[in-house]
Amino acid sequence: MAVEHAELPQQRRIVTEIPGPRSRALHERRVAAVARGVGSSLPVYVARAGGGIVEDVDGNRFIDFGSGIAVTNVGNANPRVVARAGEQLARFTHTCFMINPYEGYVEVCEALNRITPGDHEKRSILVNSGAEAVENAVKIARSATGRQAVVVFDHAYHGRTNLTMALTAKNMPYKQGFGPFAGEVYRMPMAYPFRWPTGPDNCGPEAAAQAVDLITKQIGPENVAAVLIEPIQGEGGFIVPGRGFLPALVEFCRAHGIVFIADEVQTGFARTGDMFACEHEGIVPDLITTAKGIAGGLPLAAVTGRAELMDAVHSGGLGGTYGGNPAACAAALAALETIESENLVARSRAIGEVLLPRLHALAERYDIVGDVRGRGAMVALELVAGAGDTTPNPGAIAPIVEYCHSNGLVLLTAGTYGNVIRLLPPLVIGDDLLDEGMSILEEAFARL
Ligand SMILES: *Cc1c(COP(=O)(O)O)cnc(C)c1O
């Protein structure tokens with residue numbers, strides 16, 4: 001199902017060492033100009049990208065298994081996105097929705113209200129980034145409930161702003177030296193099947209019982225504004241919660257008037273083989289945060305939720321200069337149209353059906369592959385010390401990723417312990433590139 005990309009051949013091609021001379025020259029300029037706090041996992045500088053290919057300034061073409069971190073679900077420079085956003089740019093670039101509103105913003109909110117889980121009445125707001133969406137979801141939950149406490153989980157990632165740093169679990173590199181952090185944030189154990197002491201089958205119910213017990217004893221449910229969770233954890237290592245965990249949390253929230261917030265910034269927009277990952281266990285969040293895959297690469301994010309919660313905030317209490325930028329809205333409408341008309345939800349499932357068996361085969365062959373997990377086009381391998389020894393093995397990651405990078409495959413890592421290889425191909429990638437990318441990863445293991 002390769003997308004037509006007239007100008008950019010959908011073929012891997014490595015013509016220089018990686019990074020090539022032009023990338024190295026740009027990197028020198030970058031080191032002198034860009035603060036070193038901003039990293040790059042594969043410092044080849046991009047000339048163009050599209051379909052399943054990223055081409056660098058030296059003419060190397062990489063197979064894209066990263067999608068700019070689950071952003072370009074509809075592919076890079078998707079023709080519909082380019083046309084619709086370009087047309088909008090020519091009409092007007094910005095008015096600020098808080099001064100002079102425009103139809104695109106309203107249309108994106110209508111679309112989000114329609115496609116997010118649950119058929120209750122909904123409202124949405126648009127902002128610029130995933131972190132900003134999460135911050136606003138917490139503001140809305142606090143305002144609507146008159147409560148302050150926010151419950152989050154081990155291995156969570158919610159962003160890099162002050163409140164979202166507090167909500168994020170991992171210290172290095174996200175929090176180190178950046179405190180003090182916001183208060184009234186409480187962290188619970190995560191239902192992490194691979195590392196659950198009594199085994200994956202007990203994980204969901206037992207972790208839910210622990211969370212309920214801890215919330216009840218340590219916070220008091222009547223003080224909790226929101227329970228916030230990624231339905232599949234992203235940066236934490238593509239952790240799919242033990243079955244039953246999410247439904248039990250939702251039930252507890254309903255019983256105590258707590259707002260259940262699903263952070264679907266990474267999992268949304270067909271990434272996991274459903275339009276949203278919540279759908280897998282049939283849960284309906286009160287609020288849902290979206291970003292990454294929403295607009296085909298343009299910066300946009302949203303909070304969508306129950307009308308009575310969203311509308312509880314006083315007029316003027318939500319907003320921002322750029323939130324719901326007109327070009328980003330146009331891009332989002334084009335991206336959504338693409339996801340729906342090309343049935344990328346089904347395509348995402350099909351990608352998972354190609355990737356997962358080959359990852360399981362790697363696990364059979366290599367003892368350091370401790371776990372294979374994920375859904376749709378969001379799948380991962382967790383590397384451990386060896387058979388029966390689940391000690392995290394971050395050391396094995398570098399040579400594998402390095403081999404893939406030098407052989408033309410963009411591959412990302414993740415995980416609290418830095419020992420997870422994650423696969424996030426664009427949903428429009430062709431089967432041939434998917435197959436070739438997996439073969440490179442398999443060769444990387446063979447050479448280890
Ligand atoms: C990436 C991410 C965020 C933060 O999004 P930004 O756009 O980088 O601010 C929040 N939550 C989850 C689950 C994410 O994956």
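Bear in mind the structure is a predicted one, so any value in this text is a computation, not a measurement. (Residues numbered from 1 in each chain as written. Predicted model: local features only at pLDDT ≥ 70, side-chain atom pairs only at ≥ 80, totals over all residues. Heavy atoms only, no water.)

> How do you make sense of the pattern of salt bridges when you look at a structure like this?
Once the charged atoms of two side chains with opposite charge are near each other, the side chains can pair. For the structure on display, the rule yields 24 salt bridges. Close ionic contact of Glu 337 with Arg 80 constitutes a salt bridge, the shortest N to O distance being 3.1 Å. Of this pair, Glu 337 sits in helix 10 (residues 326–341) while Arg 80 sits in helix 3 (residues 79–91), and the two are 257 residues apart along the sequence. Judged by relative accessible area, Glu 337 falls into the partly exposed class, the value being 38%. (Salt bridge = Lys/Arg side-chain N within 4 Å of Asp/Glu carboxyl O. Helix = DSSP H or I, 4+ residues; strand = E, 2+ residues; numbered from the N terminus. Buried < 20%, exposed > 50% of the residue type's maximum accessible area, 1.4 Å probe, protein only.)

> What am I meant to see in the site of the ligand here?
The full set of residues close to the ligand is Ser 129, Gly 130, Ala 131, Tyr 157, His 158, Gly 159, Glu 230, Asp 263, Val 265, Gln 266 and Lys 292. At 2.8 Å from an oxygen atom of the ligand is found a main-chain nitrogen or oxygen belonging to Ala 131. Side-chain polar atom of Asp 263 to a nitrogen atom of the ligand: 2.7 Å apart, as the coordinates give it. Partitioning the shell around the ligand into residue classes produces three nonpolar, five polar and three charged. (Near = heavy atom within 4 Å. Polar contact = N/O pair within 3.5 Å; in protein donor to acceptor, adjacent residues only side chain to side chain. Nonpolar A, V, L, I, M, F, W, Y, C, P; charged D, E, K, R; others polar.)

> Hey, could you run me through helix 11 (residues 344–365) in this one?
Each α-helix winds once per 3.6 residues, and so residues spaced three or four apart point in a common direction. With 22 residues, helix 11 extends 32 Å between its outermost C-alpha atoms, agreeing within 8% with the 32 Å of an ideal straight helix rising 1.5 Å per residue. Turning to helix 11, its buried residues number three or more, namely Leu 344, Val 345, Arg 347, Ser 348, Ile 351, Gly 352, Leu 355, Leu 356, Arg 358, Leu 359 and Leu 362. Those residues of helix 11 that are buried lie in contact with helix 10, strand 11 (369–375), strand 12 (378–386), strand 16 (420–423) and helix 13 (431–446). (Expected span 1.5 Å × (residues − 1). Contact = heavy atoms within 4.5 Å.)

> When you look at the pairing of strand 4 (residues 122–127) in this model, what are you seeing that I'm missing?
Across a regular strand the side chains alternate sides, sitting on one face of the sheet and then on the other. With respect to burial, strand 4 is a largely interior element, five of its six residues being buried. The pairing of strand 4 with strand 10 (residues 301–306) spans six bridges and is antiparallel. By the bridge assignment for strand 10, Ser 124 is matched with Thr 304. (Pairing = 2+ DSSP bridges.)

> It is not clear to me how the side chain of Arg 30 should be interpreted in this structure. Could you clarify?
With respect to the helices, strands and loops of the structure, Arg 30 is situated in helix 1 (residues 21–33). In this structure the side chain of Arg 30 is engaged in a polar contact, spanning 2.9 Å, whose partner is the backbone oxygen of Val 38. The contact partners of Arg 30, leaving out residues within four places of it in the chain, are Val 38, Gly 39, Ser 40 and Tyr 45.

> Help me out: how do you make sense of the domain arrangement of the protein in this one?
Interface size is often expressed as the accessible area that is lost when the parts come together. Splitting the protein by domain gives domain 1 (21–64 + 343–447) and domain 2 (81–341). Placing the centre of domain 1 and that of domain 2 at their C-alpha centroids yields a distance of 25 Å. Taken together, the contact between domain 1 and domain 2 spans 33 residues of the former and 29 residues of the latter. Both faces combined, the contact of domain 1 with domain 2 buries some 2,400 Å², and carbon together with sulfur accounts for 56% of it. If you sort the residues of domain 1 by the area they bury against domain 2, Arg 375, Met 378 and Thr 416 come out on top, with a joint share of 32%. Run the count over domain 1 and domain 2 and you get three salt bridges. Here Glu 235 makes a salt bridge to Arg 422, at a shortest N to O gap of 2.9 Å. Taken together, domain 1 and domain 2 are joined by 22 residue pairs in polar contact (both at pLDDT 80 or more). For the side of domain 1 that touches domain 2, the secondary-structure elements that each account for two or more residues are helix 11, strand 11, strand 12, strand 13 (389–392) and strand 16. (Domains from an automatic or database assignment. Buried area = accessible area lost by both parts, 1.4 Å probe.)

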